[in-house]
Structure formats: C-alpha cells, structure tokens
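# Coordinate inspection notes
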Amino acid sequence: MKISVIGTGKTGGRVVELLGNDLGEAFDEGNPPTVEKLKKSDAVIIFVPGDAVPEVIDTVIESGVPAAWGSTGYDWPEDLDSKVKAHHSKWVIASNFSLGMNLIRKSIEVISAGSEILIDPEFHIHEVHHIHKKDAPSGTALSWKEWLNREAEVTSAREGDVKGIHELTLKTATEEITLKHKALDRSLFAEGAIWAAKQLINNSSIETGICTFGQLFDQVMEEQ
Ligand SMILES: NC(=O)c1ccc[n+]([C@@H]2O[C@H](COP(=O)([O-])OP(=O)(O)OC[C@H]3O[C@@H](n4cnc5c(N)ncnc54)[C@H](OP(=O)(O)O)[C@@H]3O)[C@@H](O)[C@H]2O)c1
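Residues numbered from 1 in each chain as written. Predicted model: local features only at pLDDT ≥ 70, side-chain atom pairs only at ≥ 80, totals over all residues.

## Some details on the overall build of the chain
A tally of regular secondary structure across the chain gives eight helices and ten strands. At 19 Å, the chain has a C-alpha radius of gyration in line with the 17 Å of a compact globule built from 224 residues. Summarising its shape, the C-alpha atoms of the chain cover approximately 65 × 40 × 35 Å along the three principal directions. Within the chain, contacts between residues at least 6 apart in sequence are counted, and of these 66% link residues at least 24 apart. (Helix = DSSP H or I, 4+ residues; strand = E, 2+ residues; numbered from the N terminus. Rg over C-alpha atoms; globule rule 2.2 N^0.38 Å. Contact = placed C-beta atoms within 7 Å.)

Listed below in structure tokens is the structure:
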C-alpha cells in the first residue's frame, strides 16, 4: 500500500513520519503533485493551508485517487461531490481528524438526550489552548455546543503551550458530571488522517463521493 502526502508542514510532516514504508511521494510547493504521480499511490492525504487548496484540488480530482483532506479555511464548492463521483473516487474531508473526538461526539449526544430526565441541569463547556491561539472559543468548543444542542456557557483560557483541553460539565443541585478531552500530541491528527485513508483503500462498503470524518467513523463503528 502506498499513500502520498500533499503538504509536509507541521501536520503533513507528522503524516510522512508515521507512514514510514507506506509513504508514496511527499509533495509540497517545491514538488507540486501531478495527476500521473498521484496515480501511483492508493490514496493521498492533504494538509495544505486553505488558500492553497485551489492550486491542488483539480489535480487530486482528476487523479481519481482516494483522498483524505485536512485543510481548513476553504469553502468547498457545492458541485464537489458530483465531480469526485464522476471520477469514481472517495474523499473524506475533516476539519478535525481526532479519532477520540468522534467518541466525544457520540457521548455528548447521549448526555444531551439523557439530561432531559435530570432536574434543572446546567451545562458549561470550557476550553484551554496555548497562548498563540488567536480564536476563542475554539472551533472544537463550538462543535461540542452544537452536538449538545442545549443552552451552555462556553469559556476559554490561554495558557503556556497547552495543545488543547475541552471539558463539558453537567451540573444539577445534587450531582456533577465532567467529560474531558485532552490532546497530548499533535500527531493525533496525522493518526486520524492515516486511519481514514486506509479505510478508503480497504473498506469496500464506503461509497464513492464525499463523506465527513464523523460519517466514516460512524459507518466503521456500525460495521464492527
Ligand atoms: N483536519 C485536521 O485535523 C487538522 C489538524 C491540523 C491542521 N489542519 C489544517 O491543515 C492545514 C495545514 O496546516 P499545517 O499547520 O500543517 O500548515 P503548514 O505547517 O504551514 O504546512 C503547509 C504545507 O503545505 C504546503 N503547500 C502550500 N501550498 C502548496 C501547494 N500549492 N502545493 C503543494 N503544497 C503546498 C507547504 O509547502 P512548502 O513547505 O513547500 O511551502 C507546507 O508543506 C491548515 O489548513 C490547518 O488548519 C487540520
């Protein structure tokens, strides 16, 4: 199996390291991908910045090679799914390739539904990141609130070089529940992208076209 990588910066660089012998070719601005070169691999993982996506997207589509895209900050065109299908290809697009975050999503959905029965529950989402992170609250904290689908206070803190801590607290007058996710190593995104790419290669039940990381995770969980 050979998996190529486009974008070998902070995140794509970790993908290259983790792939080891499974690495096809690594592409960056100095060595841009071509359709012919991409066709030599079984899948491709892309971690270029959002503003560089237009420079590589047509090449990836034309190659027909299954793709796991981690780029953020790009408005994916509406007709993308039909273009990918036209090339009989399969893509996963994710703004967060953390596998554990999918378990959190499912847990939050259970908490949200079950909390209906509790008496006057109050929800609080708190996130902590390193001091260089500019946006607050984090996109992940906002996703947690969306999955919860209930009134919740969202607070943020910026401390040292924290890679990312998210915490949901549900409190009533008599009990308190806390659900916490802590990112320990940034290679968690590389791990998730490699898992997704391998699913695209090996799992024949995945249909052509585009799916989200959450849809892929749920499908594989159901198949187990
Ligand atoms: N989905 C997730 O879980 C997740 C996790 C982390 C990051 N991200 C996202 O992934 C993207 C990359 O983040 P990063 O921190 O790894 O960025 P980075 O360190 O700046 O690396 C970007 C890489 O993209 C390459 N690149 C730029 N333009 C290119 C082009 N036209 N053709 C080929 N390669 C090109 C760069 O090549 P040169 O070195 O030659 O310039 C560099 O290797 C961002 O959108 C970020 O938000 C997503």
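## Remarks on the sheet that holds strand 7 (residues 153-158)
Strand pairing within a sheet occurs via backbone hydrogen bonds; the two strands may be parallel or antiparallel. One open sheet holds the four strands; their spatial order is 7-6-8-9, and the pairing between them is mixed. The open sheet has two free edges, formed respectively by strand 7 and strand 9 (176-182), since each of these has just one partner strand. Adjacent strand axes in the sheet meet at a mean angle of 15° when their direction is disregarded. For strand 8 (residues 165-171) and strand 9, the ladder comprises seven bridges, and the chain directions are antiparallel. Paired with Lys171 across the bridge in strand 9 is Glu176. This element, helix 5 (residues 99-114), spans strand 8 and strand 9 of the sheet and lies at about 165° to strand 9. (Pairing = 2+ DSSP bridges. Axes fitted to C-alpha atoms, helices over the stretch in contact; angles between N-to-C directions.)

## Looking at the site of the ligand
Close contacts around the ligand come from 28 residues, with Gly7, Gly9, Asp28, Glu29 and Ala52 the closest. Among the residues making up the shell around the ligand, the classes are represented as eleven nonpolar, 13 polar and four charged. (Near = placed C-beta within 6 Å. Nonpolar A, V, L, I, M, F, W, Y, C, P; charged D, E, K, R; others polar.)

## Regarding the domain arrangement of the chain
The domain boundaries assigned to the chain delineate domain 1 (3-97 + 187-223) and domain 2 (99-182). Elements with a minimum of two residues in the side of domain 1 that touches domain 2: helix 7 (187-202) and helix 8 (213-223). The element contributing the most residues to the side of domain 1 that touches domain 2 is helix 7, with three residues. (Domains from an automatic or database assignment.)

## Things to note about helix 6 (residues 139-148)
Buried residues of helix 6: Thr140, Ala141 and Trp144, and no others. Down the axis of helix 6, the buried set is contained in an arc of 105°. They therefore lie on one face. Turned more than 90 degrees off the buried face of helix 6, the exposed positions are Gly139 and Glu146. In this structure, the buried side of helix 6 is in contact with helix 5, strand 6 (122-129), strand 7 and strand 8. Just downstream of helix 6, Asn149 is the residue with a positive phi angle, here 55°. (Buried ≥ 20, exposed ≤ 12 C-beta atoms within 10 Å, placed from the backbone. Arc of directions from axis to C-beta.)

## Considerations on the sheet that holds strand 5 (residues 90-93)
Across the sheet, six strands lie side by side as 2-1-3-4-5-10; this open sheet has parallel pairing. Of all the strands in the sheet, the pair left with one neighbour each is strand 2 (23-27) and strand 10 (209-212). This sheet shows a mean twist of 20° between the axes of neighbouring strands, independent of strand direction. Across the sheet, helix 1 (residues 12-19) lies against strand 1 (3-6), strand 2 and strand 3 (43-46), angled at about 160° from strand 1, the strand it touches most. With respect to the sheet, helix 8 is in contact with strand 5 and strand 10, its orientation differing from that of strand 10 by roughly 85°.

## Observations concerning the nonpolar core
In a soluble, globular protein the nonpolar side chains are often hidden away together inside. By size, the foremost hydrophobic cluster in this structure holds 38 residues, and its most contacted members are Val44, Ile45, Ile46, Ala68 and Ala193. Every residue in contact with Ala193, bar those within four places of it in the chain, is listed here: Val15, Ile45, Ala68, Gly70 and Phe97. Membership of the second largest hydrophobic core comes to seven residues, among which are Ile108, Ile125, Trp144 and Leu168. (Core = buried A, V, L, I, M, F, W, Y, C linked by C-beta atoms within 7 Å.)

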